[in-house]
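Structural characterization, general
So you can see what is in the structure, the chains are spelled out below.
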Amino acid sequence: QVQLLESGGGLVQAGDSLRLSCAASGRTFEPYAMGWFRQAPAKQRELVAGITSGGITRYADSVKGRSTIFRDNAKNTVYLQMNSLKPEDTAVYYCAAARVDFYVSASSNEYDSWGQGTQVTVSS
């Protein structure tokens, strides 16, 4: 398994931007598809954005046009840039890695490794 460590969360105001980072260590980073999930209180965990090692991306409709996922394989790091943040973006954000790398799955069951999560709170 690969170990994942998220950073970059915090308290921001509506309309602000935030960049989350996820640093991977352990097994080789490149064959993994990477996903950012989020979970708000009393809600299911959902895929926010994902990217394969080849650069195929997938976004939730709720963040499409406001967020960009990208990865730096040389640094074993994946990023999630979020702009025009809304209060409904408030959640714990998790980074995840999947060995199935030819597409980005929206199912958390297909991800093998998870970070501990980072809190993002957007005030109105």
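Higher on the page you've got the structure.
Residues numbered from 1 in each chain as written. Predicted model: local features only at pLDDT ≥ 70, side-chain atom pairs only at ≥ 80, totals over all residues. Heavy atoms only, no water.

**Some points on the overall build of the chain**
If you tally the helices and strands in the chain, you get 0 helices and 11 strands. Counting helices and strands in the order they occur from the N terminus, the chain gives β-β-β-β-β-β-β-β-β-β-β. Taken over C-alpha atoms, the radius of gyration comes to 13 Å for the chain, in line with the 14 Å a tight globule of 124 residues would show. Taking the principal axes of the C-alpha coordinates as reference, the chain spans close to 40 × 25 × 25 Å. Here the chain holds 124 residues, and 44% of them are scored as buried. Of the contacts formed within the chain by residues at least 6 apart in sequence, a portion of 61% connects residues at least 24 apart. Accessible area for the chain stands at about 6200 Å²; split by element, carbon and sulfur atoms hold 47% of it. Taken together, the 12 basic and 11 acidic charged side chains of the chain have centroids lying 0 Å from each other. (Helix = DSSP H or I, 4+ residues; strand = E, 2+ residues; numbered from the N terminus. Rg over C-alpha atoms; globule rule 2.2 N^0.38 Å. Buried < 20%, exposed > 50% of the residue type's maximum accessible area, 1.4 Å probe, protein only. Contact = heavy atoms within 4.5 Å. Areas by Shrake-Rupley, 256 points an atom, 1.4 Å probe, with all protein chains shown as cover. Lys, Arg positive; Asp, Glu negative; His and termini not counted. Charge placed at Lys NZ, Arg CZ, Asp CG, Glu CD.)

**Digging into the state of the cysteines**
Scanning all chains against the criterion turns up 1 disulfide. Between the sulfur of Cys22 and that of Cys95 lies a disulfide, 2.1 Å long from S to S. Here the S-S torsion is close to -80°, and the disulfide linking Cys22 with Cys95 is therefore left-handed. One end of the pair, Cys22, is in strand β3 (residues 18-26); the other, Cys95, is in strand β9 (residues 91-98), with 73 residues separating them in the sequence. (Disulfide = S-S within 2.5 Å.)

**Overview of the sheet that holds strand β8 (residues 77-82)**
With respect to topology, 4 strands assemble into an open sheet ordered β1-β3-β8-β7, the strand pairing being antiparallel. The sheet is open, and its two borders are formed by β1 (2-7) and β7 (67-72), each paired with just one other strand. Put simply, the sheet's adjacent strands are angled 15° from each other on average, direction ignored. In terms of strand pairing, β7 meets β8 through 6 bridges, oriented antiparallel. Along β8, the bridge assignment pairs Thr68 with Gln81. (Pairing = 2+ DSSP bridges. Axes fitted to C-alpha atoms, helices over the stretch in contact; angles between N-to-C directions.)

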